[in-house]
Amino acid sequence: MSALKISSEQINRQRDFSYKIKSINDDFERKNARKKKMFIATFGCQMNSRDSEKIEGMLFEMGFEKTDNEKDADFIIYNTCCVRENAENKVYGNLGYLKNIKKEKPELIIALCGCMLQEESAVDIIKKKYKHVDLAFGTFNLYKLPELLYTRIESGRTVFDIWKEHKEIAENLPSIRKYSYKASVNIMYGCDNFCSYCIVPYVRGRERSRQSKDIIKEINELVKDGVKEVTLLGQNVNSYGKGLDENISFAKLLRMINDIDGLKRIRFMTSHPKDLSDELIDAMAELDKVCKHIHLPFQAGNNDILKKMNRRYTKESYIELTEKIKRKIPNISITTDIIIGFPGEGEKEVSDTIDVIKKVEFSGAFTFLYSKRTGTPAASMENQISEEDMKKGFNKVLDVLNPIIYKKSSEHIGKVYEVLCEEQGDDGFISGRLDDNSLVHFKGEKKLCGEFVNVNITDCKTFYLIGEIIKD
Ligand code: SAH
Ligand code: SF4
Ligand code: F3S
């Protein structure tokens, strides 16, 4: 089966709606001597950040101008996340606050999209408790934003358009990138892994890969536009290519991207340990543009817990895998995700997680308290852990993890690295990233943002390095 794409007729149809809204917005501008303003809030992971760039691109085509001040906006859209309960609570909290703004400004249009909208229980709550939401759509029909917004404007009705599943991929949507020198590129959508705690497969649908020629075309255009670093996005990039007609793997895709002239760095996330092939490790070792960093979530160290999580590897095979990676790619940095407090995870089980941390010596980790997600198998498992016990485990893990991260960080001191300068903070310091994804702060001029410089690392904190630019 080849990758299914949304037809160009459908995309053109959306462009027509977009032009109709633009002419309404142009009228508004003539009458009010200002453009209509949009405010976009993004919750969740890089998938959502990338989707928000597309939303911004579509709204820009419709004639909206961006504002960072929610109170000034004529159109507000929240791109939501539901991976943990606190992500959802943030959205509900903000929605409560919008109720008052809407009272003062009834012409304001409030829209919701993203992962929460694919969750029936959340949609019920929104429909019942947050009646001031004007427009809502899910993760499968983002490309229909122009039509849905037009319907809302013309009819004045509340518009909810949520699809259960959709296999087609929308290519060629307009987008406005957050950074000029780095960009994220989706290589696949959805997830088929069904880890028992995770809601992503239910809200993002089945795994589907983009054709390599579409990915290469997009990256070529980005490079022409000044992009030096790309991050390839997928919930599990290691299974890229499954289901496509072409004979391709993630390692092969990396080789093709490495050949793109003008591109300097390639990053990717996330890798699932169960699918990480020797072919990929060899490609990472060999390809000069592929950054020496891998994000390899292990989630938990105890084999019974891993089994209940449906992760399909063991503590021992995970450790072995990281040892192989380190052998083949010296100086690689390995980062991870850890969940603490999965059902049945007591002190003994947490000590297995700590053991993995000690053996692998991660350069960084995101640690999460387990959050029960309705509809996932883990939600109905016995032995749910109390919040108090979860927090105890969490602190124990951090007590071991942070000194290790500090130690890994300090290994950079006294060495010189090539750094991509990213942003200048209020203190005048530039922040940038090493090839291994470490963050570094150093004095420098704003014009360096987007450029590569050599930086001598002079000191470190747990989560960042401090350095000085080497002048040639
Ligand atoms: N596809 C990626 C991760 C996507 S979600 C992967 O498999 O690595 C990002 C992280 O959120 C996960 O790695 C996991 O650590 C965490 N997570 C997912 N569901 C969670 C839940 N119910 N409670 C707490 N953390 C969760
Ligand atoms: Fe969730 Fe597992 Fe898929 Fe990652 S691989 S998105 S944790 S189901
Ligand atoms: Fe990402 Fe959250 Fe959705 S982590 S895929 S935005 S549920």
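Just so it is clear, the model here is predicted, and its values are computed rather than measured.

Asker: Help me get a handle on a positive patch on the surface, residues and values and all.
Answerer: On the surface, a cluster of positive charge is contributed by Lys99, Lys103, Lys128, Lys129 and Lys131. When residues of the positive patch are traced back to their parent elements, those giving at least two are α3 (85-104) and α4 (120-129). Structurally, Lys99 is set in helix α3.

Asker: Describe the layout of surface pockets, with residues and values.
Answerer: In this structure, the second largest pocket encloses a volume near 520 Å³. The wall of the second largest pocket is formed by 26 residues, among which Glu171, Asn172, Leu173, Arg210 and Glu218 lie closest to the centre. Looking at the lining of the second largest pocket, the elements with two or more residues in it are α1 (8-32), α2 (46-61), β7 (182-186) and α7 (212-224). If you tally residues by element for the lining of the second largest pocket, the top one is α7, at five residues. Across the lining of the second largest pocket, the residue classes tally to seven nonpolar, six polar and 13 charged. Residue-level mapping places the lining of the second largest pocket at the junction of two domains, with at least three residues from each of domain 1 (4-168) and domain 2 (177-291).

Asker: Can you lay out the site of ligand 1 for me, pointing to particular residues and giving the numbers?
Answerer: In the region of ligand 1, 15 residues are neighbours, and Arg84, Gln235, Gln299, Asp337 and Ser371 sit closest. At a separation of 3.0 Å, a nitrogen atom of ligand 1 approaches a polar backbone atom of Tyr197. Measuring from an oxygen atom of ligand 1, one finds a side-chain N or O atom of Asp337 at 2.6 Å. In isolation ligand 1 exposes 540 Å². Once the protein is present, 90% of that is buried.

Asker: Give me the lowdown on the sheet that holds strand β12 (residues 293-295), citing residues and values where you can.
Answerer: Ordered in space as β12-β13-β14, the three strands form an open sheet in which the pairing is parallel. Two strands in the sheet have a free side with no partner beyond their single neighbour: β12 and β14 (364-369). Direction aside, the axes of adjacent strands within the sheet are offset by 10 degrees on average. Across three bridges, β12 lies against strand β13 (residues 333-340) in parallel orientation. When the sheet's bridge partners are listed, His295 is paired in β13 with Thr335. Helix α13 (residues 387-410) contacts β13 and β14 of the sheet and is inclined by roughly 175 degrees relative to β14.

Asker: Explain the site of ligand 2 to me, and be specific about the residues and the numbers.
Answerer: Ligand 2 sits among Cys191, Asn193, Phe194, Cys195, Tyr197, Cys198, Val200, Pro201, Gln235, His272 and Arg311. Looking at the shell around ligand 2 residue by residue, the class counts come to seven nonpolar, three polar and one charged.

Asker: Before we move on, could you go through empty space enclosed by the protein and cite the residues and values that matter?
Answerer: If you walk through the whole model with that rule in mind, you get four cavities of 30 Å³ or more. Here the largest cavity is characterised by a volume of approximately 240 Å³. What lines the largest cavity is a set of 16 residues, among which Thr139, Phe140, Ala170, Tyr189 and Arg208 lie closest to the centre. Split into classes, the residues belonging to the lining of the largest cavity amount to eight nonpolar, three polar and five charged.

Asker: Describe unusual backbone geometry, and please don't skip the residues or the numbers.
Answerer: Geometrically, the link from Met269 to Thr270 is a cis peptide bond, its omega value of 5 degrees lying close to zero. Note that Thr270 resides in the loop between β11 (265-269) and α9 (278-286). The backbone of Ala33 shows a phi angle near 55 degrees, a positive value even though the residue is not glycine. Within the secondary structure, Ala33 sits in the loop between α1 and β1 (37-42).

Asker: With reference to specific residues and values, describe the packing of aromatic side chains.
Answerer: Counted according to the given criterion, the structure contains 15 aromatic pairs. Seen in terms of ring centroids, Tyr179 and Tyr181 are 5.8 Å apart; in terms of plane orientation they differ by 55 degrees. Their pairing is tilted. Tyr179 sits in the partly exposed class, given a relative accessible area of 22%. Since its relative accessible area comes to 6%, Tyr181 is described here as buried. When the centroid spacing of 5.7 Å and the interplanar angle of 70 degrees are considered together, the rings of Phe342 and Tyr370 count as edge-to-face.

What counts as what
- Residues numbered from 1 in each chain as written.
- Chains lettered and ligands numbered in written order.
- Predicted model: local features only at pLDDT ≥ 70, side-chain atom pairs only at ≥ 80, totals over all residues.
- Heavy atoms only, no water.
- Patch = residues over 30% accessible without salt bridge, like charges linked within 9 Å, V, L, I, M, F, W, Y side chains within 5 Å.
- Areas by Shrake-Rupley, 256 points an atom, 1.4 Å probe, with all protein chains shown as cover.
- Salt bridge = Lys/Arg side-chain N within 4 Å of Asp/Glu carboxyl O.
- Lys, Arg positive; Asp, Glu negative; His and termini not counted.
- Charge placed at Lys NZ, Arg CZ, Asp CG, Glu CD.
- Helix = DSSP H or I, 4+ residues; strand = E, 2+ residues; numbered from the N terminus.
- 1 Å grid on protein atoms, 1.4 Å probe; cavity = no way out; pocket = protein on both sides within 12 Å on 5 of 7 lines; lining within 4 Å.
- Points joined across faces, edges and corners; volume = space filled by probe spheres on them.
- Nonpolar A, V, L, I, M, F, W, Y, C, P; charged D, E, K, R; others polar.
- Domains from an automatic or database assignment.
- Near = heavy atom within 4 Å.
- Polar contact = N/O pair within 3.5 Å; in protein donor to acceptor, adjacent residues only side chain to side chain.
- Pairing = 2+ DSSP bridges.
- Axes fitted to C-alpha atoms, helices over the stretch in contact; angles between N-to-C directions.
- Contact = heavy atoms within 4.5 Å.
- Phe/Tyr/Trp six-rings, centres within 6.5 Å; stacked < 30°, edge-to-face > 60°.
- Buried < 20%, exposed > 50% of the residue type's maximum accessible area, 1.4 Å probe, protein only.

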